[in-house]
Each structure stands twice: as C-alpha cells, then as structure tokens.
Amino acid sequence: MLELGIPSHAFDLDTLAGGRIGVRWATEGEHLITLDGVERVLGSHGSDGVITDGAGTAVGIAAVMGGLTSEVSETTTNLLLEIAHWTPMCIARTAKRLNLRSEASARFERGTDPEAIPAAAARFVEIVRLTCPDATVESFDDIRPRPAVPHSVAVRTDRVNLVLGSALADDTIAGLLAPIGFTPTRTAPGHHDVVIPPWRPDATAEIDVIEEVGRHFGYDNIERRQLRTDLVGRLTPQQADRRRVGDLLTADGACEVWTSTFLGNDDLVKTHHRAEVVRVANPMSPEESVMRPSLLPGLLRVLGHNANHRNPSMRIFEIGHVFGTPRPDQILPYERDQLAVAFAADGDDARSAVRVLDRLIALLRIVPAAIAVRPAEVAGLHPTRSGRAVNTGTGFPLGIVGEVDPAVAEAWGIERRVGYLQVDLENLLAQPRRSAEVASFSRFPSSDFDLAFVVADSVSADQVRAAVRTGVGELCQSVALFDVYRGRGVDVGSRSLAYRIRVSAPDRTLGDVELTAVRQAAIDAVRSATGAELRG
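Because the structure is a prediction, the values reported are computed rather than measured.

About the cut-offs
- Residues numbered from 1 in each chain as written.
- Predicted model: local features only at pLDDT ≥ 70, side-chain atom pairs only at ≥ 80, totals over all residues.
- Heavy atoms only, no water.
- Helix = DSSP H or I, 4+ residues; strand = E, 2+ residues; numbered from the N terminus.
- Expected span 1.5 Å × (residues − 1).
- Contact = heavy atoms within 4.5 Å.
- Core = buried A, V, L, I, M, F, W, Y, C linked by side-chain atoms within 4.5 Å.
- Buried < 20%, exposed > 50% of the residue type's maximum accessible area, 1.4 Å probe, protein only.
- Pairing = 2+ DSSP bridges.
- Axes fitted to C-alpha atoms, helices over the stretch in contact; angles between N-to-C directions.
- Salt bridge = Lys/Arg side-chain N within 4 Å of Asp/Glu carboxyl O.
- Patch = residues over 30% accessible without salt bridge, like charges linked within 9 Å, V, L, I, M, F, W, Y side chains within 5 Å.
- Areas by Shrake-Rupley, 256 points an atom, 1.4 Å probe, with all protein chains shown as cover.
- Polar contact = N/O pair within 3.5 Å; in protein donor to acceptor, adjacent residues only side chain to side chain.

### Quick look at helix H13 (residues 461–472)
The α-helix advances 3.6 residues per turn, and as a result positions three or four apart in sequence lie on the same side. In this model H13 runs 17 Å from its N-terminal to its C-terminal C-alpha over twelve residues, within 8% of the 16 Å that 1.5 Å per residue would give. The secondary structure elements touched by the buried residues of H13 are helix H10 (350–363), strand S18 (371–375), strand S22 (447–456), strand S23 (476–485), strand S24 (494–503) and helix H14 (512–530). Glycine 473 sits one or two residues past H13 and shows a positive phi near 75 degrees.

### Some points on the nonpolar core
Membership of the largest hydrophobic core comes to 27 residues, with the highest contact counts inside it found for Leu249, Leu339, Ile371 and Leu421. At the level of secondary structure, the elements contributing two or more residues to this core comprise helix H7 (237–251), strand S16 (315–324), strand S17 (334–343), H10, S18, strand S20 (397–404), strand S21 (419–424) and helix H12 (425–429). At five residues, H10 tops the list of elements feeding residues into this core. For isoleucine 371, the residues in contact, after removing those within four places along its chain, are Ile361, Ile366, Ala389, Val390, Thr392, Leu398, Leu428, Gln431 and Asp462. Counting 24 residues, the second-largest nonpolar core is a separate cluster that includes Leu451, Val459, Tyr499 and Val503.

### Some points on the sheet that holds strand S6 (residues 58–61)
As summarised here, the arrangement of the four strands in space is S2-S5-S6-S7, forming an open sheet in which the pairing is antiparallel. Looking at strand neighbours, the two that pair on one side only are strand S2 (21–25) and strand S7 (65–66), the edges of this open sheet. The pairing of S6 with S7 spans two bridges and is classified as antiparallel. Paired with isoleucine 61 across the bridge in S7 is methionine 65.

### Structural notes on the sheet that holds strand S9 (residues 151–156)
Here three strands make up an open sheet; going across it, the order is S9-S11-S10 and the pairing antiparallel. The sheet is open, and its two edges are formed by S9 and strand S10 (183–188), each paired on a single side. Between one strand axis and the next, the sheet turns through 25 degrees on average, direction left out of account. With five bridges connecting them, S10 and strand S11 (residues 191–196) associate as antiparallel partners. If you follow proline 184 over to S11, its bridge partner there is valine 194. Sitting on the sheet, helix H5 (residues 170–177) touches S10 and S11, and the angle it makes with S10 is about 160 degrees.

### Regarding the pairing of S6
Of the strand pairs in this sheet, strand S5 (residues 49–53) and S6 are connected by three bridges, and their pairing is antiparallel. Across the sheet, the residue bridging to valine 50 is isoleucine 61, located in S6. Counted along the chain from S5 to the antiparallel partner S6, the turn is four residues long, and its residue glycine 56 has a positive phi close to 85 degrees. Taken together, S6 and the strand that follows it, S7, pair antiparallel across an intervening segment of three residues, in which alanine 63 is found at a positive phi of about 65 degrees.

### Details of the pattern of salt bridges
Inspection of the entire model under this criterion finds 36 salt bridges. The partner of arginine 416 in a salt bridge is aspartate 346, and the shortest N-O contact between them spans 2.9 Å. Highlighted residues: arginine 416 in the loop between helix H11 (406–411) and S21 and aspartate 346 in the loop between S17 and H10, separated in sequence by 70 residues. On the basis of relative accessibility, which here comes to 28%, the residue arginine 416 falls in the partly exposed class. Looking at aspartate 346, the relative accessible area reads 61%, which means it is exposed. Residues arginine 508 and glutamate 514 are paired through a salt bridge, measuring 2.8 Å at the closest nitrogen-oxygen approach.

### Thoughts on a nonpolar patch on the surface
A cluster of nonpolar residues, Ile33, Leu35 and Leu68, forms a patch on the protein surface that exposes about 220 Å² of accessible area. Within the fold, leucine 68 resides in the loop between S7 and strand S8 (79–82).

### A word on unusual backbone geometry
One non-glycine residue, histidine 272, adopts positive backbone phi at about 60 degrees. Relative to the elements of secondary structure, histidine 272 occurs in the loop between helix H8 (265–270) and strand S14 (278–279). Overall, histidine 272 belongs to the partly exposed group, its relative accessible area being 29%. Non-glycine residue arginine 310 carries a positive phi angle of around 60 degrees. Take arginine 310: it is sitting in the loop between helix H9 (296–308) and S16.

### Quick notes on the side chain of aspartate 113
Tracing the chain through its elements places aspartate 113 in the loop between helix H2 (103–110) and helix H3 (117–131). From its side chain, aspartate 113 meets the backbone nitrogen of glutamate 115 in a polar contact 3.0 Å long.

### Side note on the side chain of asparagine 306
For asparagine 306, the location among the structural elements is in helix H9. Setting aside chain neighbours within four positions, we find asparagine 306 in contact with Asn311, Pro312 and Met314.

Here's what the structure looks like:
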C-alpha cells in the first residue's frame, strides 16, 4: 500500500466458508464486528459494500476494514489476499457514516489505479517470500467485469496560455505532458486530445491538465506581469464625499458608532420627541417597536453607557438612515440618510457643533452663503442654544445644530454639556459647490480685528456673521465667533457675540485708513441687518 498506493487485505483462508470470497451490498440492519472489536450496523442507507465468504456471510467492510472472524492470527497458515478497485464516493459515504476512516479508505476515497492491481499483488507475494521462503501461491484470480476505459480530455493551447500567462507552443505542451504519463495527440493546430493516466483519477477536466503543464514547466519560468482590466471599481462622487466626511470627523477625535435602527417609546420620551413615528407591526420586543426618527437617542445611549463605565469624555458620530411617516403624496414611510455627531469631550458645547458644521461646508466646497443657521427650538436640544441649518434661498431645512437639553442628557446618565449636530446628508451633498480649482491667494500680509456686538437672543450668530461678510466684501477672508457672553452689562434677553475678522487684499498691504473703513463698514452692516449695537 505504501509503495504503490494500492491497499490490500489478507484473510485467514481457513476461517472462510467455501474457501473463497465475494462482494455484495449490505442488507438493512446487517451486523459485523470489525478488526477494532466494534460491532457495526450496516445497510441503513443501502450503500455499504461488504466482502463475503463462500456462504454469503459478511467478513469485512469493502475498502474500509476487515472483520474480526477472519482476522490473521499467530496460528494462520493459509492466506487469501484481496486487492480490488472501488468506487471512491461509495467508500467515502460508508466511512463517513460509520465514522470509521482507515488508511485504506483514505486512499480509495481519492481514487486508485486499477491497472496497478496485478503489480501490487506480485509485490505482496514477493515480500511474503522474503520472510517465508517456503510460501507458495496456489492460484491467482484476475476478475475484471468492467475493463478500464482510458479517459481523455480536450486541451486548447490558447486556454493554457491564457490561464498560465505563458506563450507555450503545441509541441512544448505535448513535451511537458508526455514524461508524466499524460498522452497528448494533436487533433488540430492549437488543439490536443490528452489521455489521462489511470493513476491520476483526480485529473478530470481541461483545467487539471493545464495545472500539470504549469507545474512541469515551472511557475518560476512564467514571466511576472501586473494584471489590468478596464473594469476598475471606484467610488461614486457621493460615496467619496461620505468617506471624506467620516475622515474629517475621525481627524477631529470622533469615533464612528453603529446604533440600532429600532427604538422604544421610552427613548422617544427621554428625548422629548413628540412627532409621529413609524411603528413596527410585529416588533421583537417593546424596546424595538419604533423605526428611529432621529439618530439622537442612539448616540445618547452610547454616551450614557460610556459614562457609566467611567469614560464620559468622548466624541462620536454615526451615518445612518432615519424614518418618517408617509407624506400626503406617498404610501410608504420616507427614509433619509443622516449624519449625526455628539460632542461630549472636555470643553465641548454648542460651539463645537457649529465649528464642525463650518468645517463640513468648507470640506465639501459648499458655497458659504448657501447655508445659514437660524435660531429655533428643537425637541431634545437646549431651548436657547439650538438652531436649524437651512438653505438661504429656499429655506429648506438641512439639519439641526446646538446643545442637548441638560434634562435630556441627565435622563441618559450624562452629567456634562453635549454639543449636537445632525444634518440630512443627501440634501447637504446636493447644495451648490464652489469650483475645485485652486483659487489665487494674496502674497501680502493679512490683518485681524475683533468686534463684539450686543444682539437680541432671537438673532442668530450666523446672521451676524453673514452681515459682517457682506459689509467687508471681497476683502474678507474669514469671520470666526470666539466668545458668547451673558451677564453684567448686557440686558436680559440679549447676549454679546465677539468675532475675529481677517481681511486681506490680493495686490497690496492694507493700511490704517483702509482698515478703519473696513471695520466701520462691518459695524454698519451688522447694525442695519440685525439692529445690533457695538459693545464698548
């Protein structure tokens, strides 16, 4: 078996009724004690082959293991040798069903060479005679009810070269196959009929022969080259923008999270959500009976969980779908892709959310004048520290920005200020964009000056900033809010907003006279647009 790969089995001939063996299918429930001393029940699926004696009694499981009653012992003087060829899948099914895998079954499962049986028998006799010179062979039966038919496969030269990346000729392929037992015959230019050797039952298709060509030719001899295709995958513009948004937030110290699409009624109560929601007809549990109308409850749950585990300082974001009740002209609930960011790191508040909104607008090259933040009361957010981001032309809402109501944060176990930004990502990406071309920049130094305005609480910081930009005009490079003050010196119902304005000219350094005029223009524009007063 180890030399030629052909398993065999020797019986004690004196224990076999009739002095011969046969083969048949096992009957339903037939019992046999194998050489390992275990009683096996055969024939339950009608696919177990057995070796029988002359009386038809099973004395072994075909190609798996012999029976105990015919085992060779120290008193054995007459042997009967059985060597056969078996159908691989038949042996595999029996070995698996009986959980009995032997050296013989492992080889028969993979297929053996039927033509090598005479050589295996002769080698067995030779080995016996080396240890017992007086041994004789009385007879040898070579029974072949079905002569082996050579199996051939059609092989194409073009296919060989396409798979291997080679440039082999017909004669080269034939020369590589012949020494390893494959017999190629060229039927036409570029076409071969290859006869598979009987000891290679694993080679059944053209690709198997191609593998042999590559192995014998040597993979190291095939020229290396980079494979290219015209079908190159790439992100759509919207997918690329989504990825850039995630990269920006990650760079800002925010961790991306995933929260459940389903909420419970308690989640809506905690976040003061009162609008109609989409309810699940057959929820798995009451805690998952509502399709989320907002990403806020999920993010607050994550912050609360981390706060309970002594990790209160963090920033998190999520990009996911929210759901709403059908509009009058629709049947199904609407589904929108939203971005939500919660800022709960040390020092975070509503200004953190506004800052990131500005960075998103800059990252996506959205025209700054196209989006404005208007004061508004938003469910779940602080009544005086929240607003809505809208399209300045149409007033269409794009999202909310502000600070989570302290009572809402406390309901989730959060004991710090939490800035919050939520935008409709689809609508945000649809806003008008600035050109991607690099704009020219001034080689001359810029100048900064600060202005603080006292404005009513009903006036948003964004309105003041827009008025400053209008007053300064083309010289304006940036307007940044750096302080909000309420208290002594400021009337109740008002607040002080301090801005740092940076101006620069493309062709000159601005002098004191021009800077004074620019400063006054900014003050006049804010007074005219918002009724604000310059804080002394």
